[in-house]
Amino acid sequence: MTNAINTALLQWIAAGDDPNSWALLAGSVFALWGSALCAAAVLWAGWHARAERPYLAAVVAGAAPATLLSPLIATWLAAAS
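Cut-offs and rules
- Residues numbered from 1 in each chain as written.
- Predicted model: local features only at pLDDT ≥ 70, side-chain atom pairs only at ≥ 80, totals over all residues.
- Heavy atoms only, no water.
- Helix = DSSP H or I, 4+ residues; strand = E, 2+ residues; numbered from the N terminus.
- Rg over C-alpha atoms; globule rule 2.2 N^0.38 Å.
- Buried < 20%, exposed > 50% of the residue type's maximum accessible area, 1.4 Å probe, protein only.
- Areas by Shrake-Rupley, 256 points an atom, 1.4 Å probe, with all protein chains shown as cover.
- pLDDT = per-residue confidence, 0-100.
- 1 Å grid on protein atoms, 1.4 Å probe; cavity = no way out; pocket = protein on both sides within 12 Å on 5 of 7 lines; lining within 4 Å.
- Points joined across faces, edges and corners; volume = space filled by probe spheres on them.
- Nonpolar A, V, L, I, M, F, W, Y, C, P; charged D, E, K, R; others polar.
- Patch = residues over 30% accessible without salt bridge, like charges linked within 9 Å, V, L, I, M, F, W, Y side chains within 5 Å.
- Salt bridge = Lys/Arg side-chain N within 4 Å of Asp/Glu carboxyl O.
- Expected span 1.5 Å × (residues − 1).
- Bend = angle between axes of the 7 residues up to and from the residue.

Visitor: I'd like a rundown of the overall build of the protein, residues and numbers included.
Guide: Tallying secondary structure elements over the protein gives three helices and zero strands in all. Its C-alpha radius of gyration of 18 Å places the protein more than 25% over the 12 Å reference for a compact globule of 81 residues. Buried positions account for 4% of the 81 residues belonging to the protein. Approximately 7000 Å² of the protein is accessible, and the part contributed by carbon and sulfur atoms is 73%.

Put into structure tokens, the structure is as follows:
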């Protein structure tokens, strides 16, 4: 049962050989604007939930180096293989 669900989800995410226009649009929006949408959500949460600001600061402290280092790591891994 779990394998069938995983297969169905993978096929839905992959959009098949002839993806629908909404699937392409959703994928493009998430690929191009996903980071900005996440940053906006963190800022909104920090503005409205002041008690959660230390946790949000920890998220930003972890996300910022990961965002900056991931292209370097990808380049290094591509060169190593």
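Here the narrative resumes.
Visitor: Can you tell me about the confidence of the model for the protein, naming the residues and giving the values?
Guide: The predicted coordinates ought not to be read in detail in places where the model reports low pLDDT. For the protein, the mean per-residue pLDDT works out to 84, and 94% of the residues sit at or above 70. Per-element confidence in the protein ranges from a low mean pLDDT of 79 for helix α1 (residues 2-14) to a high of 90 for helix α3 (residues 53-80).

Visitor: Residues and numbers for the layout of surface pockets, please.
Guide: Reported here for the largest pocket is a volume of approximately 230 Å³. Elements supplying a minimum of two residues to the lining of the largest pocket: α2 (21-48) and α3. Here the lining of the largest pocket is composed, by residue class, of eight nonpolar, two polar and no charged.

Visitor: An account of a nonpolar patch on the surface is requested, with residue identities and associated values reported.
Guide: Nonpolar side chains collect at one region of the surface, where Met-1, Ile-5, Leu-9, Trp-12, Ile-13 and Trp-22 lie side by side and expose about 780 Å² of accessible area between them. Here the nonpolar patch gets four residues from one element, more than from any other, and that element is α1. Tracing the backbone shows Ile-13 in helix α1. With a relative accessible area of 64%, Ile-13 lands in the exposed category.

Visitor: Before we move on, can you summarise the environment of Leu-43 with the specific residues and values?
Guide: Residue position: Leu-43 is located in helix α2. In this structure the C-alpha to C-alpha distance between Leu-43 and Arg-53, which are 10 residues apart in sequence, comes to 9.5 Å.

Visitor: Could you give an account of α2, naming the residues involved and the relevant values?
Guide: Taking 1.5 Å per residue, 28 residues should reach 40 Å; α2 reaches only 35 Å between its end C-alpha atoms and comes up short. Approximately 70° is the largest bend angle found in α2, and it occurs at Trp-33.

Visitor: Can you lay out α1 for me, pointing to particular residues and giving the numbers?
Guide: Residue pairs spaced three or four apart in an α-helix point in one direction, given the helix's 3.6 residues per turn. With 13 residues, α1 extends 18 Å between its outermost C-alpha atoms, agreeing within 8% with the 18 Å of an ideal straight helix rising 1.5 Å per residue. Little of α1 is tucked away, with zero of its 13 residues classed as buried.

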